[in-house]
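Here is what each chain is made of, one letter per residue.
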Amino acid sequence: MGLPYEIDEGGGAFYGPKLDFVLTDAIGRDWQCGTLQADFNLPGRFDSTYINESGDKSVPVLLHRAVLGSFERFIGILLENYGGLPFWLAPRQVVIATITDAANDYAESLFELLKSNNVRVQLDNRNEKISYKIREHSLLKVPYILAVGSKEVE
């Protein structure tokens with residue numbers, strides 16, 4: 001396919017060749033994640049067979065695969081790369097934070113609009129300063145925080 005690759009001489013598994021997929025995180029570190037490995041050893045040890053085209057028993061080649069690699073490592077790379085979870089994966093995608101009580105009705109209509117379009121949204125109309133709300137939701141890594149006040153209502 002013309003994609004760049006590197007041969008890791010001596011880095012193969014003891015039972016056969018493998019392909020490792022290495023991702024680079026936001027600060028340039030490489031992490032081995034996905035892997036596909038051909039295993040010529042275990043099928044024989046498990047006495048695994050199949051009937052080939054000639055009608056004879058043959059020992060298969062076992063394919064090990066870990067599409068993402070370690071799930072924990074993959075989630076860690078996602079968190080580092082996006083500074084939290086990406087929008088499509090975040091449990092709370094948008095928070096609507098009101099600046100003033102006068103914006104509550106408009107904020108509620110925005111909330112209903114986003115919710116009806118399958119956006120995972122929360123309405124924060126607590127009687128708190130907007131800077132407090134923004135800081136709180138920023139620390140929780142909410143991808144989008146919509147600050148709604150009198151100007152937005154207009």
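Refer to the structure printed above.
Just so you know, these numbers come straight off a predicted model, no measurement behind them. (Residues numbered from 1 in each chain as written. Predicted model: local features only at pLDDT ≥ 70, side-chain atom pairs only at ≥ 80, totals over all residues. Heavy atoms only, no water.)

Draft legend 1. Structural detail: the overall build of the chain. A count of helices and strands for the chain gives five helices and eight strands. Listing the helices and strands of the chain from first to last along the sequence gives β-β-α-β-β-β-α-β-α-β-α-β-α. For a compact globule of 154 residues, the expected C-alpha radius of gyration is about 15 Å, and the chain comes in at 26 Å, more than 25% above that figure. When the 154 residues of the chain are sorted by exposure, 23% land in the buried category. Excluding contacts between residues fewer than 6 apart, the proportion of contacts in the chain whose partners are at least 24 apart in sequence is 53%. By element, 55% of the accessible surface of the chain is carried by carbon and sulfur atoms, the whole surface being about 11300 Å². Considering the chain, the positive charge centre built from 15 side chains and the negative charge centre built from 21 side chains are found 6 Å apart. (Helix = DSSP H or I, 4+ residues; strand = E, 2+ residues; numbered from the N terminus. Rg over C-alpha atoms; globule rule 2.2 N^0.38 Å. Buried < 20%, exposed > 50% of the residue type's maximum accessible area, 1.4 Å probe, protein only. Contact = heavy atoms within 4.5 Å. Areas by Shrake-Rupley, 256 points an atom, 1.4 Å probe, with all protein chains shown as cover. Lys, Arg positive; Asp, Glu negative; His and termini not counted. Charge placed at Lys NZ, Arg CZ, Asp CG, Glu CD.)

Draft legend 2. Spotlight on the side chain of D124. Structurally, D124 can be placed in strand β7 (residues 121–124). With a relative accessible area of 2%, D124 lands in the buried category. Separated by 2.7 Å, the side chains of D124 and H137 make a polar contact. Setting aside residues no more than four positions away along its own chain, D124 makes contact with V95, I96, A97, T98, K133, E136 and H137. (Polar contact = N/O pair within 3.5 Å; in protein donor to acceptor, adjacent residues only side chain to side chain.)

Draft legend 3. Region of the structure containing the nonpolar core. Listed in full, the nine residues of the largest apolar core are V94, I96, A103, A107, L110, F111, V119, V121 and V148. For this core, the secondary-structure elements that each account for two or more residues are β6 (94–98) and α3 (104–116). Top contributing element to this core by residue count: α3, with three residues. Not counting residues within four places of it along the chain, the set of residues in contact with A103 comprises T98, V148, G149 and V153. (Core = buried A, V, L, I, M, F, W, Y, C linked by side-chain atoms within 4.5 Å.)

Draft legend 4. Structural view of a negative patch on the surface. Taken together, E6, D8, E9 and D30 make up a surface patch of like negative charges. For D8, a relative accessible area of 56% puts it in the exposed group. (Patch = residues over 30% accessible without salt bridge, like charges linked within 9 Å, V, L, I, M, F, W, Y side chains within 5 Å. Salt bridge = Lys/Arg side-chain N within 4 Å of Asp/Glu carboxyl O.)

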